[in-house]
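# Architecture and fold: a report
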Amino acid sequence: MITLDGLTKVFPAPGGGDPVVALDGIDLHLDAGRVHGIVGRSGAGKSTLIRCLTGLEKPTSGRVEVDGTDVAALEGTALRAARRNIGMVFQHANLLDSRTAAQNIAHPLEIAGVPRARRQQRVAELVDLVGLTGREHNHPAQLSGGQIQRVGIARGLAAEPKVLLCDEPTSALDGSTTRQILTLISDLRERLGITVVIITHEMAVVREVCDTVTLLEEGRVSQSGDLLEVTADPHGPLAGELIPLPPAPTGIDALLVNCDYGETGRFRTSEDLVHLAAQHGARASIVAGIIETISGRQVGRVQLALRNYSGEPISREGLDAFLRELDAEGVVAKEVTA
């Protein structure tokens, strides 16, 4: 559905300095009908990527193909027609205060010249679709934050796009409302078969709703793939971000070992790791850990404190043997150094 081929965007520097490379040769393919997360720190190129996807920014080089059309090569009427295939949802819906929810949803259809009867029919469909029945005649000041975002989503879907781009759609919402909006986005994907791209810095959003994830760093794709594969790869830059290990207590007189395990390892619970440590003369206690269910499978990270049965830290020989056996079983483990 979306293919980026060598996408590069370079901005001239103010004052004639070195140019700023916002996107640096991005190659990326996003399949139709899936929810894709694009993450990265501030300045990674996420906003520029969105502007290139929507044709608001022309790439310096490369292709931006959406549903078989190179958006970057279009101008004028052809570009405006292509944009109707791309709906947008923003962090702040920026609704028109003088209009009701229904009228805000209808606004892009008015601009597109859709006849009044069809507009009314489409708005009624969308109000029901996003769960706003009974609120369609309210003005934005009479709506909650979650309801305002539902209006924004409905407005983004008004022209029946094939792609829905969501730019930080839950950043301004509380936890409970965030879950409701993510559930709505997931339901819309299932019911409409629409392709969803979520730009976010919230890893919880990616874990909860995305099928695939891409990490941007300094304008380049640092890692990209299926969510389960990415989270189960402890060597990749995203695993620790998506499944962060909670901070361990300080002042522990023991050898600390971080263990990352998932479907590739035999171990399915933290207790299995504790039992294996005992076979190597170590008393293991779990000082930090997290287990997340990703795509119906468990992926975990655990920090163990290893001591011998006299209360002293485990011997080097015992530790090395323990780490070798973990590696043989598909569990990636490493000693924590100060």
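Reading the values: rules and limits
Residues numbered from 1 in each chain as written. Predicted model: local features only at pLDDT ≥ 70, side-chain atom pairs only at ≥ 80, totals over all residues. Heavy atoms only, no water. Helix = DSSP H or I, 4+ residues; strand = E, 2+ residues; numbered from the N terminus. Buried < 20%, exposed > 50% of the residue type's maximum accessible area, 1.4 Å probe, protein only. Contact = heavy atoms within 4.5 Å. Areas by Shrake-Rupley, 256 points an atom, 1.4 Å probe, with all protein chains shown as cover. Pairing = 2+ DSSP bridges. pLDDT = per-residue confidence, 0-100.

- The name recorded for the protein chain in an unreviewed UniProt entry is D-methionine transport system ATP-binding protein, from Brachybacterium sacelli.

### Overview of the overall build of the protein chain
- If you tally the helices and strands in the protein chain, you get 11 helices and 14 strands.
- Dimensions along the principal axes, computed over C-alpha positions, put the protein chain at roughly 80 × 50 × 35 Å.
- In the protein chain, buried positions account for 47% of the 338 residues.
- Put simply, 68% of the contacts in the protein chain that link residues at least 6 apart link residues at least 24 apart.
- Carbon and sulfur atoms form 47% of the exposed surface of the protein chain, whose accessible area is close to 16,200 Å².

### Comments concerning the pairing of strand β4 (residues 61-66)
- As defined by bridge partners, strand β1 (residues 2-11) adjoins β4 across five bridges and the pair is classed as antiparallel. Residue pairing for β4: Asp5 is matched across the bridge by Arg63.
- As paired elements, β4 and strand β5 (residues 69-70) share two bridges and run antiparallel to each other. Bridge pairing links Glu65 to Asp70 in β5.

### Description of the confidence of the model for the protein chain
- Looking at the protein chain as a whole, its pLDDT mean stands at 88, while 97% of the residues score no less than 70.
- Taken element by element, the predicted model of the protein chain shows its lowest mean pLDDT in strand β14 (residues 332-335) (81) and its highest in helix α4 (residues 116-129) (96).

### What about the pairing of strand β10 (residues 220-226)?
- In this structure, strand β9 (residues 212-217) lies alongside β10, joined through six bridges in antiparallel fashion. Across the sheet, residue Thr212 finds its bridge partner in β10, namely Asp226.
- If you look at the hairpin formed by β9 and β10, you'll find two residues sitting between the two strands, and Glu218 has a positive phi there, around 50°.

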